[in-house]
Amino acid sequence: MRGIILNPVLGKEFRSRMRTWKSPLVISIYLGVLSLITLGYYWTRQGPITYTGFGPEVGPQMYVMLAVFQLLLVSFVTPAFTAGVISGERERQTLDLLVCTRLSATSIVLSKLLASVSYILLLVVASLPVFGAVYFFGGVRLSEIGQVFVVYLMTALTFGAVGVFCSTVFKRTQVSVVITYIIVFFFLIGTAAVAVFMASISMRSGSYPSTPFIAYLNPVVALFSTFPGQLGQGLFLREFQFIFGGPVPVGVPPGSGGAALPSVGLQPWQYNFIGDAVIIVVLLGISIQLITPVGRFSWVKRIRHRKRMPVTVEIGTADARERHAD
Amino acid sequence: MLVVEGLTKKYGKLTAVDNLSFTVKEESIFGFVGPNGAGKTTTMKILATLLAPTSGRAWIAGEEVTGNPGRVRQLTGYMPDFFGVYDDLKVGEYLDFYGASYGIPAGRRKRIVNDLLELVDLAHKREDYVDSLSRGMKQRLCLARSLVHDPALLILDEPASGLDPRARFEMRELLKELQAMGKTIIISSHILPELAGMCTHVGIIEAGRLVVSGTVEEVTHQVRAGRMLEIRVLDRAVEAEALLKTQCGLIEVKVNGDLLEAPFTGDDVNLSNILTTLVGAGIPVVSFSESKSNLEDIFMQVTKGVVQ
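Residues numbered from 1 in each chain as written. Chains lettered and ligands numbered in written order. Predicted model: local features only at pLDDT ≥ 70, side-chain atom pairs only at ≥ 80, totals over all residues. Heavy atoms only, no water.

Draft legend 1. Expanded view of the overall build of chain A. For chain A, the count of helices and strands is 16 helices and zero strands. Counting the 326 residues in chain A, one finds 47% classified as buried. For chain A, the accessible area works out to roughly 16,000 Å², and carbon and sulfur atoms hold 69% of it. (Helix = DSSP H or I, 4+ residues; strand = E, 2+ residues; numbered from the N terminus. Buried < 20%, exposed > 50% of the residue type's maximum accessible area, 1.4 Å probe, protein only. Areas by Shrake-Rupley, 256 points an atom, 1.4 Å probe, with all protein chains shown as cover.)

Here you go:
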């Protein structure tokens, strides 16, 4: 594991990313957009309450808005950073040179993913001062922000795994990027649409609408389930609760909008993390197999047939080994 | 060092490499010759563990290529015909990165990088970005990269392609130096005269099949079954041709202006008699020589231009 984390590909990726002017520019644009959204919201709230100050709901609402917007930014940025990591190497004609070193395919794939996700996390961490503005208004605990950041991490890893997978499957980076964005779009919008469709069918048949599992794959659902109940009221929590049922708006007092729905045991963000973990493992596993040119499923082959070298050659081989060892 | 046994690679219905078998001895330079699409690159990629063969086996220093790719990668240095570089890395960083990728400890890498840059004459470019190097320099850097883990076998796919004559000369000298250092080299090239002057062994491949292989002398002998006599006369070429046809050991005579060429199977006594006969008949002989083995001629003779 240490070898995977401290491997040269990771070091090279960090060095390459941070060496050019592009990185500071991306961070500046990212923070600029987040800051503009925060300021915009602040100004819209400031107008009608000049003399009475801000209501207690302003801080939490700003927090929800920022959290959702940052999730969308993470979802938007991740494919751009990951969908070309393998296909880019292939296009640059450097993949063969990398694969024929002692680095394992697992190490290459994980390093590429970790390097990209690390950069995305850098963006998220850099946004902390913007989130700090929420404290100015109060109403949000640090642990809640921490929970939201874990959702970002899982989302970045999941969409990152999708990007790495597509860049392994498709030879051209452009195709890989487009397909990755389509898949991410499906996670964000498609899962919700399918869930609504399934819920509406369920309601028409007269039964109580249960939460389709596909809804839990939506990172927005996971994010909303981490908000304390009073947060985001008036934005779209109730709508989400109606669509997905379950304890989406955790802590909503009975009668305040659907908390009477039966609990499903785990929280939606927990289901989301399980789903994400499965997706990450499967996609990375396939990616690793795809870039392993020789020795795929080698442990199976080894069991099936143990091949031996002709005796005449073995004599020369021993000499060669000794020579090489010298 | 290398044993290839019945190696076959198929892409659907296309057979890129067809039952290829050959051996390469230690410290030899094996020239892998063949027309485009003959299967050279495919074979080299299989040996470099970048492709799995459909059937057949290959061993490098006793390690089966498909059975233990990790060990084989440690034993081989591969330089592809087309390769890219990380344009955001400096020359020293580039080699250091690959050194780390081969698991060389950081403490040793600095010395290895310095030595390799000296070897390929790029020490003065250490702090330059790789992208700023000329093609010849990039080729040399890639050769240095393939040497970073001190492999026993070098697999070089067209290492001199696209280089100007001086860069080709430098590359050739570098390969000879590597051979002197005890490396075994498999090299493919289209520039056959260059290979002839450098290789100890040659394998000619066409349509995925090995047509002929062995030392350059063996291959020449196999293909020609004799020597080639070249006689230049001042004039009276037709008369000289008629005279030569009566001589022992000469199979057929071709006349090309003042030059007469004839495959010859006799010994040195016969050769001396032929010259005596020509001079005795008053033929004005300008030169009388045996042509040196020419890999290009052999290549043209044994291949039929079949491409997969």
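Continuing now.
Draft legend 2. Spatial organisation of the overall build of chain B. For chain B, the count of helices and strands is 11 helices and 14 strands. Across the 308 residues that make up chain B, the buried fraction comes to 54%. Once local pairs closer than 6 in sequence are excluded, the contacts in chain B between residues at least 24 apart make up 68%. As presented, chain B carries roughly 13,200 Å² of accessible surface, and 50% of it is formed by carbon and sulfur atoms. (Contact = heavy atoms within 4.5 Å.)

Draft legend 3. Expanded view of the pattern of salt bridges. All names here are of chain B. Under the definition given, this model contains 20 salt bridges over all chains. Between R71 and E63 there is a salt bridge, with its nearest N and O atoms 3.7 Å apart. E239 is paired through a salt bridge with R236; the nearest N and O atoms lie 2.8 Å apart. Look at E239 and you get partly exposed, because its relative accessible area is 42%. (Salt bridge = Lys/Arg side-chain N within 4 Å of Asp/Glu carboxyl O.)

Draft legend 4. Molecular detail of the side chain of S188 of chain B. All names here are of chain B. When you line up the elements, S188 lands in strand β8 (residues 184-188). For S188, the side chain forms a polar contact with the side chain of D157, separated by 2.7 Å. Beyond its immediate chain neighbours, meaning those up to four positions away, S188 contacts F32, K40, M44, L156, D157, E158 and P159. (Polar contact = N/O pair within 3.5 Å; in protein donor to acceptor, adjacent residues only side chain to side chain.)

Draft legend 5. View of the packing of aromatic side chains. Applying the stated criterion across every chain, the model contains 15 aromatic pairs over all chains. Each ring, one from F131 of chain A and one from F149 of chain A, has its centre 5.5 Å from the other, and the planes form 75°; the classification is edge-to-face. Here F131 of chain A, found in helix α8 (residues 128-137), pairs with F149 of chain A, found in helix α9 (residues 142-169); they are 18 residues apart in sequence, far enough to count as distant. Residues F131 of chain A and F149 of chain A agree in their burial class; the two are buried. Measuring from centroid to centroid gives 5.5 Å for F159 of chain A and F187 of chain A, while their planes differ by 65°, and the two rings are edge-to-face. Taken as a pair, F159 of chain A in helix α9 and F187 of chain A in helix α10 (residues 173-204) lie far apart in primary sequence, 28 residues in all. Among the aromatic residues, those joined into a cluster by ring pairs are Y63, F131, F149 and Y152 of chain A. The side chain of K12 of chain A reaches across the aromatic face of Y86 of chain B, ending 3.9 Å from its centre. (Phe/Tyr/Trp six-rings, centres within 6.5 Å; stacked < 30°, edge-to-face > 60°. Lys NZ or Arg CZ within 6 Å of the ring centre and 35° of its normal.)

Draft legend 6. Structural context of the pairing of strand β3 (residues 29-33) of chain B. Residues and elements named next belong to chain B. Within β3, five of the five residues are buried, which leaves the element mostly enclosed by the surrounding structure. Of the two faces of β3, both are covered, the one formed by I29, G31 and V33 as well as the one formed by F30 and F32. Of the strand pairs in this sheet, β3 and β8 are connected by four bridges, and their pairing is parallel. Note on β8: the bridge partner recorded for F32 is S188. As judged from the four bridges shared by β3 and strand β9 (residues 201-206), these two strands associate in the parallel manner. The residue of β9 that forms the bridge with F32 is G203. (Pairing = 2+ DSSP bridges.)

Draft legend 7. Seen up close, the sheet that holds β9 of chain B. Residues and elements named next belong to chain B. Spatially, the six strands line up as an open sheet ordered β6-β7-β8-β3-β9-β10, and their pairing is mixed. Each edge of the open sheet carries a strand with a single partner, namely β6 (76-79) and β10 (209-215). Within this sheet the neighbouring strands show an average axis-to-axis angle of 15°, counted without direction. Note: β6 against strand β7 (residues 153-157), four bridges, orientation parallel. (Axes fitted to C-alpha atoms, helices over the stretch in contact; angles between N-to-C directions.)

Draft legend 8. Layout of the interface of chain A and chain B. Each side of the interface is counted separately: chain A has 31 residues, and chain B has 47 residues. Both faces combined, the contact of chain A with chain B buries some 3,500 Å², and carbon together with sulfur accounts for 59% of it. The interface formed by chain A and chain B includes two salt bridges. R19 of chain A is the partner of E93 of chain B in a salt bridge, and the nearest nitrogen-oxygen pair spans 2.7 Å. (Buried area = accessible area lost by both parts, 1.4 Å probe.)

Draft legend 9. Broad picture of the environment of L114 of chain A. Residue and element names in this part refer to chain A. Its location among the elements puts L114 in helix α7 (residues 105-126). Classification of L114 as partly exposed rests on a relative accessible area of 29%. When the C-alpha atoms of L114 and L10 are compared, they prove to be 7.4 Å apart, with 104 residues separating the residues in sequence.

Draft legend 10. Focus on helix α2 (residues 8-19) of chain A. Residues and elements named next belong to chain A. For α2, which comprises 12 residues, the first-to-last C-alpha distance of 16 Å matches the rise-based estimate of 16 Å (1.5 Å per residue) to within 8%. Residues of α2 that are buried include every one of P8, V9, L10, K12, E13, S16 and R17, and no others. The opening residue of α2 is N7, an N-cap whose side-chain oxygen sits 2.8 Å from the backbone nitrogen of V9. (Expected span 1.5 Å × (residues − 1).)

Draft legend 11. Examining unusual backbone geometry more closely. Despite not being glycine, Q93 of chain A shows a phi value in the positive range, around 60°. Even without being glycine, N19 of chain B reaches a positive phi, approximately 55°. Inspection of the secondary structure puts N19 of chain B in strand β2 (residues 14-24).

Function cannot be read off these values alone, since they describe shape.
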